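Reading the structure
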Amino acid sequence: MTTSVLFDAQGPRAKRRNVLYTAIFVVALAAVVWWVYGALSEKHQLDWVKWEPFFTSSQPWETYLWPGLQNTLKAAFFALLIALPLGALFGIGRLSDHRWMRMPSGIVVEFFRAIPVLILMITANAAYSEFTDIASDVRPLYAVVTGLVLYNASVLAEIVRAGILSLPQGQTDAAKAIGMRKGQTMGYVLLPQSVTAMLPAIVSQIVVIVKDTALGGAVLTFPELLASVRPMSANYGANTIACFTIIALIYIAVNFALTSFASWLERRLRRAKKSTGTVIGAGPGGGIETIGTPSLVIEDGHGS
């Protein structure tokens, strides 16, 4: 019997037991699928007449789905556009050596990270209604974006902080050894290297932002993608299951496109790190001058 570093190889009895468990699971899953299919068929939710409008007519796409998707992407785009630099700012602020910067950054991050995003949206909507002259038809968009920014900027700040802290201490020490200031160390050494490590978590948070726009449609009457289920179902004969299925497939396609792009970008960044670097030299005033791409990798006190 062979062994692995992680586990012992299975014996004959263990293999038979796993095959039995797999068979039981497959049978149970098939029974659940058959029960769901029977329940939907009994309620006539699988009748072709309820699915036909999505495949034979452009009206549901032009009237409901595409406008809803546009609003979803618009809210997610503005939220990400504001939350990403704001999160990076607070994440770097939490790493500051100055207490006057580190303490407020930590308080803001921990406060908004602890509050549900739905409460932030509702509070923002009430504040805009009470203290601003924003028109009622665009106020839900402002409230959704505000809630998403406050919450996700706090989460992104923690991602940035964790990404920077994951780097070896030798990177900072080597940067100091060649005379780089704190700002230069952060901008030219730490941030460029930590981007690759942070990218998967950042993409996951982008997916969360896209999905959380649905909260605005459920509570604030924001006309996003999921909010189009109710008028579509009313217009096409109570085809709620069909509407939810089509919208779920759209969400899957959007999020799959985001993750695929992020995977491609991560591979490209890793290849760029291996093939390029930054040349460090003395500037005109005796300071540090960088030439080339801003992706300095310092190991054992030497640039590579």
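It should be noted that the structure appears before, not after, this text.
Only a predicted model underlies this, so the values are computations on that prediction, with no experimental measurement involved.

**Comments concerning the overall build of the chain**
Broken down by element type, the chain carries 10 helices and four strands. Ordered by position in the sequence, the α and β elements of the chain form the string α-α-α-α-α-α-α-α-α-α-β-β-β-β. Out of the 304 residues belonging to the chain, those deemed buried represent 36%. For the chain, restricting intrachain contacts to residue pairs at least 6 apart in sequence, the fraction spanning at least 24 positions comes to 67%. Total accessible area computed for the chain in this model is approximately 18,300 Å², and 66% of it derives from carbon and sulfur atoms.

**Looking at the packing of aromatic side chains**
With the rule as written, the count across this model stands at seven aromatic pairs. Centre to centre, the rings of Phe77 and Phe78 are 5.6 Å apart; their planes meet at 65 degrees, and the pair counts as edge-to-face. The exposure class assigned to Phe78 is partly exposed, which follows from its relative accessible area of 38%.

**With respect to a nonpolar patch on the surface**
Among the surface-exposed residues, Phe25, Val26, Leu29 and Val33 lie close enough to one another that they form a single nonpolar patch of about 400 Å² accessible area. Within the secondary structure layout, Val26 lies in helix H1 (residues 12-42). The exposure class of Val26 is partly exposed, given its relative accessible area of 48%.

**A word on helix H6 (residues 139-165)**
Three or four residues apart is the spacing at which side chains of an α-helix point the same way, because the helix has 3.6 residues per turn. Between its first and last C-alpha atoms H6 spans 39 Å; for 27 residues at 1.5 Å apiece the expected length is 39 Å, and the two agree. Counting buried residues in H6 gives 20 out of 27 residues, a clear majority hidden from the surface.

**Overview of the packing of helix H5 (residues 117-131) against helix H8 (residues 182-219)**
Contact pair H5 / H8: the axes reach a minimum separation of 10 Å and the direction vectors enclose 50 degrees. In terms of their interaxial angle, H5 and H8 are classed as oblique. Both H5 and H8 take part in a crossing whose hand is right-handed. Every residue of H8 that contacts H5 at Val117, Leu118, Met121 and Ile122 is listed here: Asp212, Leu215, Gly216 and Val219.

**Some thoughts on the pattern of salt bridges**
Applying the stated rule across the entire model yields four salt bridges. Arg94 is paired through a salt bridge with Glu158; the nearest N and O atoms lie 2.6 Å apart. You can see Arg94 sitting in the loop between helix H3 (59-93) and helix H4 (99-114) and its partner Glu158 sitting in helix H6, a full 64 residues away along the chain. For the salt bridge of Arg161 with Glu158, the shortest nitrogen-to-oxygen distance reads 3.0 Å.

Reading the values: the criteria
- Residues numbered from 1 in each chain as written.
- Predicted model: local features only at pLDDT ≥ 70, side-chain atom pairs only at ≥ 80, totals over all residues.
- Heavy atoms only, no water.
- Helix = DSSP H or I, 4+ residues; strand = E, 2+ residues; numbered from the N terminus.
- Buried < 20%, exposed > 50% of the residue type's maximum accessible area, 1.4 Å probe, protein only.
- Contact = heavy atoms within 4.5 Å.
- Areas by Shrake-Rupley, 256 points an atom, 1.4 Å probe, with all protein chains shown as cover.
- Phe/Tyr/Trp six-rings, centres within 6.5 Å; stacked < 30°, edge-to-face > 60°.
- Patch = residues over 30% accessible without salt bridge, like charges linked within 9 Å, V, L, I, M, F, W, Y side chains within 5 Å.
- Salt bridge = Lys/Arg side-chain N within 4 Å of Asp/Glu carboxyl O.
- Expected span 1.5 Å × (residues − 1).
- Axes fitted to C-alpha atoms, helices over the stretch in contact; angles between N-to-C directions.
- Parallel < 35°, antiparallel > 145°, perpendicular 65-115°, else oblique.
- Left-handed = near helix turned anticlockwise from the far one by under 90°.

These values are about where atoms sit, not about what they do.
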